[in-house]
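Structural description and commentary
Here is what each chain is made of, one letter per residue.
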Amino acid sequence: MRKPQKNLSRQQASVTLSVSAPTGGWNARDSLAMMKETDAVGLDNFFCTPYDVKIRGGFSNYATGMTGTVNTVASYSPPSGNSELFAAVGANIYDVTTGGAVGAAVVTGMTADKWQHTNFGTAGGNFLYMVNGADKPQLYDGTTWTAIDAASTPAITGVTTTNLVHVCEAKSRLWFIERSSMKVWYLPVLSVGGAATAFDLSSQFNKGGFLMSMGTWSLDAGYGMDDYVVFVTSEGQVAVYKGTDPAAAATWAKIGVYDLGAPIGRRCLMKYAGDLTLICKDGLAPLSKSLMSSRVNSMEMLTDKIRHVMSEYTTLYGANFGWEVALFPQENMLLLNVPTTTTASYQLVMNTISGAWSRFIGWNAACFELHESELFFGGDGVVCKAWDTTADNGENINFEAQQSFNYFGRGGQLKQVKMLRPIISTDGSPSVLLGVNTDFDTTAPTGIPTFTPNSSAIWDLATWDGGFTWGGDLQIKRDWQTAFGLGYCISAHMKGTIRNCSMHWASTDYLLTPGGVI
């Protein structure tokens, strides 16, 4: 139940009441009348923290000069030596490690650019393995790219390598999913080549379809902590195995087969701490909970609080390429990419500490990759570096938020709002337009905010006492703004633009006059 800071008595003078900023995040599950005080009806381009909400970071174009959408960004991360970053677009793979305009492609002549990839280490070195189900797998050893087939060095024999569409490391082996089949193939232990052995799962699934993805899942199921191997079909069935060698019955056993929602996209699985998350029709499912409860219990989904919008997005955009989950640990952030077209996308974003959700717009990402703890994404002809600036490649960041509706303890009493005061900390001059919504109206505030870019002083160039605002320090703003509204329940609505500065929102004060009970 809502616990208002102060109840209103009947026919009293104007009062000031305060509510927290929507640190509980976007609520697309509950009715507008039943949301908690810390929830938001909508929350675009904000990121929730446990103590406030802040405008998201921006991005900059990191690598440019490519033609078409960058559908794969892959990081090569050896235990020693330099890490490298690669981007696949069209028929080519480019080295984008140093950023800037790309040079000649390091791999050419490909027929597809939607690669699945993994890093893998052996006694012979550390490798980046990439497969796409159409071209020969590409193996990078830190120096040379090799197209893998039965005659290459190293070679994979026993399978047509151009059919390998997914790659995963499990039990010190490389595993590959064969396109449009129920077969997986695995190599000898600690090898990047050799004779591939088939493991056919056709008899394990009764709904048909084909294998979509696989991953490893750390779980203590009563036998001690172990990494289980998980296979997911296109029909939403999940098979879990334990052991080390599928060819040895004594060391390999099926734990069970489970039904979840149909997976969304080839990149539907993502390791999240020791858990494994699955993007499916029902939402973002953590296997640790979803496989131990009924599928119909949507409260087990990480996306439970935004379940209605998640259902809408999977229905509208589920067939589009680009669905995937990315983790950004330095910001305690989980991002679920939602491709709305071939060149545009949203991100549903969760704080991994609080579980609060919001939505990012303006990052038109086709894929994400974490490289040296920094977040990158592929776009239209570019690789972008996320969260490295406070503007979207030099342009404004547009934001909007509507707080939950609040009766302030008197559901049957009219209230007239006269002014609003958001408590904001900023190091610049964001433009903020405030409005009041009443009685479940969600219309955005009207007006055109005036935007003033931040002008911070530059060290060794600006003059002391020269009228500059020195950048870097957050200043608290407590300015009242006129905002009129008359109704039984009240919701503050904020809309604005920002560039080259940050903004944190802690709470909102309302100046209102209680009316009669009608």
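Look up: the structure comes first, before these words.
Below is a short write-up of the structure. (Residues numbered from 1 in each chain as written. Predicted model: local features only at pLDDT ≥ 70, side-chain atom pairs only at ≥ 80, totals over all residues. Heavy atoms only, no water.)

It is worth spelling out the overall build of the chain at this point. A count of helices and strands for the chain gives two helices and 41 strands. Expressed as a percentage of its 518 residues, the buried residues of the chain come to 53%. Partitioning the contacts of the chain with sequence separation of at least 6, the portion at a separation of at least 24 is 61%. Here the chain displays about 21,400 Å² of accessible surface, and carbon together with sulfur accounts for 50% of that area. (Helix = DSSP H or I, 4+ residues; strand = E, 2+ residues; numbered from the N terminus. Buried < 20%, exposed > 50% of the residue type's maximum accessible area, 1.4 Å probe, protein only. Contact = heavy atoms within 4.5 Å. Areas by Shrake-Rupley, 256 points an atom, 1.4 Å probe, with all protein chains shown as cover.)

With that settled, consider the sheet that holds strand S10 (residues 100-101). Strand order in the open sheet formed by five strands is S10-S6-S34-S33-S32, and the pairing between neighbours is mixed. Looking at strand neighbours, the two that pair on one side only are S10 and strand S32 (367-371), the edges of this open sheet. (Pairing = 2+ DSSP bridges.)

Before going further, it helps to examine the pairing of strand S34 (residues 383-386). Pairing between strand S6 (residues 59-64) and S34: four bridges, direction antiparallel. Note on S34: the bridge partner recorded for Phe-59 is Ala-386. Relative to S34, strand S33 (residues 374-378) runs antiparallel, the two sharing three bridges. Residue pairing across strands places Gly-378 opposite Val-383, the latter belonging to S34. Between S33 and S34, which follow one another and run antiparallel, lie four residues, and Gly-381 among them has a positive phi close to 80°.

Burial analysis of strand S40 (residues 490-498) places eight of its nine residues in the buried class, the great majority of the element. Judged from the eight bridges that link them, strand S37 (residues 431-438) and S40 form a sheet pairing that is antiparallel. By the bridge assignment, Thr-438 is partnered in S40 with Ile-490.

Bringing the side chain of Glu-37 into the picture now. Tracing the backbone through its elements, the reader meets Glu-37 in the loop between strand S2 (25-26) and strand S3 (39-44). Within the local environment of Glu-37, its side chain forms a polar contact with the side chain of Asn-406, the two groups lying 3.2 Å apart. (Polar contact = N/O pair within 3.5 Å; in protein donor to acceptor, adjacent residues only side chain to side chain.)

What follows deals with the pattern of salt bridges. In total, this model carries 13 salt bridges according to the counting rule given. Between Glu-331 and Lys-54 there is a salt bridge, with the nearest N and O atoms lying 3.5 Å from each other. Within this pair, whereas Glu-331 is found in the loop between strand S28 (324-328) and strand S29 (333-339), its partner Lys-54 is found in strand S5 (residues 53-55), the two being separated by 277 residues in sequence. For the pair formed by Glu-331 and Lys-54, the shared burial category is buried. One salt bridge in this structure joins Lys-114 and Asp-113, with 3.9 Å as the shortest N-O distance. For Lys-114, a relative accessible area of 35% translates into the label partly exposed. By relative accessible area, which is 11% here, Asp-113 ends up buried. Residues participating in the shared-partner salt-bridge network are Arg-29, Asp-30, Asp-304 and Arg-307. (Salt bridge = Lys/Arg side-chain N within 4 Å of Asp/Glu carboxyl O.)

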